[in-house]
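Observations on chain architecture
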Amino acid sequence: MTNDSANAGADTGRIIMFDTTLRDGEQSPGATMTFEEKLEVADLLDEMGVDVIEAGFPIASDGDFEAVSEIAKRVKNAAVCGLARAGAKDIERCGEAVRHARRPRIHTFISTSPIHMKYKLQKEPAEVLDMVRAQVSRARAFTDDVEWSAEDATRTEHEFLCQCVETAIKAGATTINIPDTVGYTVPDEYYALFKMLIERVPNADKAIFSTHCHNDLGLAVANSLAGVRAGARQIECTINGIGERAGNAALEEIVMAIKTRADVLPYATGIESTMLTRASKLVAAATSFPVQYNKAIVGRNAFAHESGIHQDGMLKHTQTYEIMTPESVGVAKTSLVMGKHSGRAAFRSKLKELGYDLGDNALEDAFNRFKALADRKKIIYDEDIEALVDEEIATNADHIKVVSMMVVAGTQGPQSATMTLEVEGKEKTIQSTGNGPVDAIFNAIQKLVPHTATLELYQVHAVTEGTDAQAEVSVRLSEDGRSVGSKAADPDTMVASAKAYVAALSKLMIKRQRQVVAQPRGPEAKIKGI
Ligand code: KIV
Ligand code: ZN
């Protein structure tokens, strides 16, 4: 297969990787990230070589605006982009948010399909065309790097789409994005759409064409690559493929498809592929969206071989069943099987392999807890060890600790919890009831540590399989516009729930203290005592 790009020119096949994890990804229900989590994700995206980071939708909320502007200030290499609808206020707010970036980009969009124009915008095509012209020109007043998107492009009439694209380029758009907003297209059709645009729009060579695919039919990555074959040189995607509905094209799949099949996909990205697993884990933790076990590239089973025939083949030659090496995506090749007979040296080496560097005392504590877990659980997976060490790190930073607890559950309510917490060095005990055991636990904590935080998220999932699996509980609390999340793992779901809740409360306490140090005292800087 050749590179049949129509507007290739001095085309090197270098694909601009545009990551929208923090915008389209974060927009998906339940994937909200805190300010700090967004910064951490942006730093990693920058480090791994993403070319454009879409950091958010600045007009959507003050929180989004703050996150985009902070990311714009700190990102070292990537262009930082904000999204704006076709209105003056949106574009101004976006321009303001990205203005400190080394390379600021405004991404503005409007719907162009008949169904969107009629029902959503309630506008005639001619009005939409005027808006395209006006919005792109307005955005150009803030930056030279303006991207324009035709929302629902794949269901737009070709003649009208050509007019819109031509108008956007004339008004100064440097990137033209052709989104498959509803995940409706198929590779051949998407290929033909780019071919048609690049050949028919008179000034097509003045802009970079971009793909943006949703995964409703599971075709997002295939469609993105078809767009590239037709001449698109930017791909919009997200880590783990998170995004609206069934998600967006997954960055890690695109990067590895291009790398692994260079023979038929003669393109290149600037992504350091060995960081893909780290990025996947960070985004999964920040969003509390677990990665499915069989997810391509970053799923837990992506490099696991269980059947005897496959294991036999692998032992003879790894390429019998592996088309890419685990190391190339950041997964350590050999996996030590950890259990109750493992010693300190194996444990230390396993932690190193998982990317942890603990001091001697923390290592000793983690090792003792690992031994205790190994006595209760048949198989210890890497995820068990990660959960245990993450918990160790969180516990050491905590202001509040769970000392002991006893829960009474069952069909005869009300359920109750007797809880002893250590709060800033002092032990306190109380009994409380609730509508179910978790409610009883949280009520007990509320009595011991009075606070005004509200519970935004409570989620339980088994870290590994089996009835003796560790439960991992995620809790998110919010107070006065601050939102913090925490996780804890324990074979007892109730204990994990209590630990996750107090860990989040501890974080809130730390945040309040930091805020008091950082801000002059005013009426709004008042802290509520815990
Ligand atoms: O899917 C879509 O159409 C979008 C646009 C805002 C680019 O996300
Ligand atoms: Zn989208």
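Below, the structure is looked at part by part. (Residues numbered from 1 in each chain as written. Chains lettered and ligands numbered in written order. Predicted model: local features only at pLDDT ≥ 70, side-chain atom pairs only at ≥ 80, totals over all residues. Heavy atoms only, no water.)

**Examining the coordination of the zinc ion (ligand 2)**
Which entries qualify depends on this criterion: Counted as coordinating are nitrogen, oxygen and sulfur atoms within 2.8 Å of the metal, or 3.2 Å for Na, K and Ca, while water is not included, which may make sites look incomplete. In this text, helices come from DSSP runs of H or I with a minimum length of four residues, and strands from runs of E with a minimum of two, each type numbered from the N-terminal end. Burial status follows relative accessibility: with a 1.4 Å probe on protein chains alone, a residue under 20% of its type maximum counts as buried, one over 50% as exposed, and anything between as partly exposed.
In the first shell of the zinc ion (ligand 2), the protein supplies Asp24 (OD), His212 (NE2) and His214 (NE2), at 2.0 to 2.2 Å from the metal. Within one chain, the residues donating to the zinc ion (ligand 2) are spaced in sequence as D-x187-H-x1-H. With aspartate 24 in helix 1 (residues 21-25) and histidine 214 in the loop between strand 7 (208-213) and helix 9 (220-229), this pair connects stretches of sequence that are 190 residues apart. Like aspartate 24, the residue histidine 214 is buried in the burial classification.

**Observations concerning helix 7 (residues 158-170)**
Since the α-helix advances by 3.6 residues per turn, residues separated by three or four positions end up pointing in the same direction. The condition that has to hold: Here a helix's expected span is defined as the number of its residues, less one, multiplied by 1.5 Å. Contacts are residue-level and defined by heavy atoms, with any inter-residue pair within 4.5 Å sufficient.
Given a rise of 1.5 Å per residue, 13 residues ought to cover 18 Å, and the 18 Å separating the end C-alpha atoms of helix 7 matches this to within 8%. When we look at burial in helix 7, the residues that qualify are Phe160, Leu161, Cys162, Cys164, Val165, Thr167, Ala168 and Ile169. Tucked into the core, helix 7 has its buried residues touching helix 5 (114-121), helix 6 (125-140), strand 5 (146-151), strand 6 (175-180), helix 8 (187-200) and strand 7. Once helix 7 ends, the next one or two residues include glycine 172, with phi positive near 120°.

**Considering the packing of helix 13 (residues 344-353) against helix 14 (residues 360-376)**
Note the threshold: Axes here refer to lines fitted to C-alpha atoms; in helices the fit is confined to the stretch in contact. Angles between the N-to-C directions go from 0 to 180 degrees. Reported orientations rely on four angle classes, namely roughly parallel under 35 degrees, roughly antiparallel over 145, roughly perpendicular from 65 to 115, and oblique for the rest. Side-chain classes are defined by residue name, with Ala, Val, Leu, Ile, Met, Phe, Trp, Tyr, Cys and Pro counting as nonpolar, Asp, Glu, Lys and Arg as charged, and the others, Gly among them, as polar.
The interhelical angle for the contact between helix 13 and helix 14, taken along N-to-C directions, is 110°, at an axis separation of 11 Å. Taken as axis vectors, helix 13 and helix 14 run roughly perpendicular relative to one another. In this structure, helix 13 uses Arg344, Phe347, Arg348 and Leu351 to contact helix 14, whose residues at the interface are Leu363, Glu364, Ala366, Phe367 and Phe370. When its residues are assigned to classes, the contact of helix 13 with helix 14 shows six nonpolar, no polar and three charged.

**A closer look at the packing of aromatic side chains**
We count it as follows: When two rings of Phe, Tyr or Trp (its six-membered ring) have centres within 6.5 Å they constitute a pair, described as stacked for plane angles under 30 degrees, edge-to-face for angles over 60, and tilted for the intermediate range.
Per the stated rule, a full pass over the model turns up six aromatic pairs. Summarising the aromatic geometry, the rings of tyrosine 190 and phenylalanine 194 are spaced 4.9 Å apart at their centres and angled 90° between planes, so their arrangement reads as edge-to-face. Residue tyrosine 190 and its partner phenylalanine 194 are located together in helix 8, separated by four residues, close to a single helical turn. Each of the two residues, tyrosine 190 as well as phenylalanine 194, counts as buried. Taking 5.6 Å as the distance between ring centres and 55° as the angle between the ring planes, the aromatic pair formed by phenylalanine 347 and phenylalanine 367 counts as tilted.

**Thoughts on the site of ligand 1**
Filter applied, for reference: To be near a molecule or strand, a residue needs just one of its heavy atoms within 4 Å of it. Identification of polar contacts relies on pairs of N or O atoms within 3.5 Å, with a donor-acceptor requirement for protein atoms, meaning one able to donate a hydrogen and the other able to accept it, and with residues adjacent in sequence counted only if both atoms are side-chain atoms. Accessible areas in this description were obtained via Shrake-Rupley with a 1.4 Å probe; residue shielding takes into account the shown protein chains only.
Near ligand 1, the surroundings consist of Arg23, Asp24, His107, Phe109, Ser149, Glu151, Asn177, Pro179, Thr181, His212 and His214. In this structure, an oxygen atom belonging to ligand 1 sits 2.6 Å away from a side-chain N or O atom of threonine 181. Contacts to ligand 1 include histidine 214, whose side-chain N or O atom sits 3.0 Å from an oxygen atom. Relative to its free-state accessible area of 260 Å², ligand 1 is covered by the protein chains to the extent of 94%.

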